[in-house]
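Topology and contacts: notes
Below, each chain spelled out in residue letters.
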Amino acid sequence: MTLKPYMIGVDIGTTSTKAVLFNKKGEALHRSGVEYPLHTPTPSTAEQDPDEIFLAVQQSIKTCIEESGIDSSELDFISFSSAMHSLILIDENGKPLTPSITWADNRSAAWAEYLKNNGGHEIYLRTGTPIHPMSPLVKLLWLNAEHPELVKKTEKFISIKEYIFYKLFNEFIIDHSIASATGLFNLIEKDWDREALNLAKIHPGQLSRLVPTTYSINGISPEFAELMGIDPQVNFIIGASDGVLSNLGVNAIEPGVAALTIGTSGAIRSVVDHPRTDPLGRTFCYVLTDRHWVIGGPVNNGGMIFRWAKNELAASEIETAKRLGVDAYDLLTEMADNVSPGAEGLIFHPYLSGERAPLWNADARGSFFGLGLHHKKEHMVRAVLEGIVMNLYSVLLIMEELTGVPVKIQATGGFARSKVWRQMLADVFGYEVHVPESFESSCLGAVVLGMYGLGQIDDLSIVDQMVGSVHAHQPIKETNDVYKQLYPIFERLSVMFEKGYSEIAAFQAKHTK
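As the structure is a computational prediction, the values presented were derived from the model and not from experiment.

Digging into the sheet that holds strand 17 (residues 284–289)
One open sheet holds the seven strands; their spatial order is 17-18-16-15-21-22-23, and the pairing between them is mixed. Edge positions in the sheet fall to strand 17 and strand 23 (470–473), since each of these pairs with one other strand and no more. Mean inter-strand twist for the sheet, computed between neighbouring axes without regard to direction, equals 30 degrees. When strand 15 (residues 257–262) meets strand 21 (residues 408–412), the two strands line up parallel, connected through five bridges. When the bridges of strand 21 are listed, threonine 261 appears paired with threonine 412. Contacting strand 15, strand 16 (266–272), strand 18 (292–299) and strand 21, helix 14 (residues 377–403) crosses the sheet at an angle of about 20 degrees to strand 16.

What to know about unusual backbone geometry
For the bond running from alanine 357 to proline 358, omega is 0 degrees, close enough to zero to count as cis. Following the sequence through the fold, proline 358 ends up in the loop between strand 19 (347–349) and strand 20 (367–369). A positive phi angle, close to 75 degrees, is found at histidine 85, a residue other than glycine. When you line up the elements, histidine 85 lands in the loop between strand 5 (75–82) and strand 6 (88–90).

Digging into the side chain of serine 86
As for its placement among the helices and strands, serine 86 is situated in the loop between strand 5 and strand 6. At 3.0 Å, the side chain of serine 86 forms a polar contact with the backbone nitrogen of isoleucine 160. Every residue in contact with serine 86, bar those within four places of it in the chain, is listed here: Ser100, Ile101, Thr102, Pro136, Ile158, Ser159 and Ile160.

Considering the nonpolar core
Core analysis: the biggest nonpolar cluster contains 124 residues, and Leu184, Trp192, Leu260, Ile268 and Phe429 have the highest contact counts within it. Broken down by element, the residue count for this core peaks at 13 residues, all from helix 14. Beyond its immediate sequence surroundings of up to four residues, phenylalanine 429 is in contact with Leu260, Ile268, Val389, Leu392, Tyr393, Leu396, Ile409 and Asn480. Counting residues in each nonpolar core, the second largest holds 40 residues, with Val57, Cys64, Ile65 and Val234 among its members.

A look at a negative patch on the surface
A contiguous patch of negative charge, built from Glu254, Asp458, Asp459 and Asp464, is present on the exposed surface. Within the secondary structure layout, aspartate 459 lies in the loop between helix 16 (441–453) and strand 23. You can call aspartate 459 partly exposed: its relative accessible area is 45%.

Criteria and cut-off values
Residues numbered from 1 in each chain as written. Predicted model: local features only at pLDDT ≥ 70, side-chain atom pairs only at ≥ 80, totals over all residues. Heavy atoms only, no water. Pairing = 2+ DSSP bridges. Helix = DSSP H or I, 4+ residues; strand = E, 2+ residues; numbered from the N terminus. Axes fitted to C-alpha atoms, helices over the stretch in contact; angles between N-to-C directions. Contact = heavy atoms within 4.5 Å. Polar contact = N/O pair within 3.5 Å; in protein donor to acceptor, adjacent residues only side chain to side chain. Core = buried A, V, L, I, M, F, W, Y, C linked by side-chain atoms within 4.5 Å. Buried < 20%, exposed > 50% of the residue type's maximum accessible area, 1.4 Å probe, protein only. Patch = residues over 30% accessible without salt bridge, like charges linked within 9 Å, V, L, I, M, F, W, Y side chains within 5 Å. Areas by Shrake-Rupley, 256 points an atom, 1.4 Å probe, with all protein chains shown as cover. Salt bridge = Lys/Arg side-chain N within 4 Å of Asp/Glu carboxyl O. Lys, Arg positive; Asp, Glu negative; His and termini not counted. Charge placed at Lys NZ, Arg CZ, Asp CG, Glu CD.

Here it is as structure tokens:
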């Protein structure tokens, strides 16, 4: 049977859903996307409307097909990537009782600290999900304690991807990858972890049916098929999480190859051939396939911090960019590039939304250190960019302890469009950094996984032929020497500030409207 020539990768992200149309060579033919807000009414709250995201999924697929001009009958399958750690409480009628509580929500911070000191490390070693407010396990402890009336009404505890598939197929299913990011999934047994479920006061029937990341389903609701302009019998591949699929999409699946991503948040990850957790609890371990696991460290504070700097520090530059018809981010990176490396002794800690790796401290807060009268706005912008990268370098050092010095770094994410950021990565890390041509690595990873699941390819390594040409940046020795002097100060400060983090977070909780 002749294979249909097209496939779509869908990435359900924190700030938008993207759909990318590929041919069987892995060439991206068309992209579409729909943005949606992250609701943060308090410093600790980060929620989204699940139905708004479901509409975004439908619209992104529909627009991708319509604008590309393909015949929808030639679409082979749609495969999914999704952000991790979301939690939605569902009632007996399949309706959400809560918004989607995202990975960035810190309201369960006190319960994370409690669990760290009461058996949490043993659960981490079995499940691979660090003990942190991002974890659905920790969120469940908080909900049981502070919102028991909601928990009593709950029929199912699910993630945003599970909600999308429930709406489309009227079935609750969860792939091993998203499950492995809940803190409730035993990596060795590939099943729900009994002790974690007992701690969360839930039973397996309140969770979705576990399926492999290659699981295929068809027979979508005719109503939604018509809305999206697709054949109701087109295959849907459940796929995996955005992080592990990004590794696949940038061809970072061989030993010694590290993938670095800076999108809204960020991460450094490597693929291993068996589940591996860190004795010190600093890294995650999530499923890609039955033979591939991804270990790494995530950071909360990636591109969202640059967006904060743009919105709060660069009002005049935004207006200038509008007049010139250019991107405000490009204007800011050009401004930063005119400042010498190290921003003349200005250090920025990018912990505006707490931090996962390397600190695993939800109370961490951002700061400028070393600010003097000689510093101007452009120094602050440069320091913000350097702070994001130096924080990721902290994670790389942890990864080197676990997997050795990487032989190659593959970088991706929205930041990769900027030559300034790419060079900064190479200079801070002291390694050559490669950036594949495709920026939509999670979507590419999703379709490669789909081809693998449907038996169209025998090995994931085919992605090597798909990633396209790369930008390669060598570290500049003189600049790397500057960062070698600055980084130890950056690292020591976060340790020195630890007590202050908890004190200022407590103050903010009382005095922030």
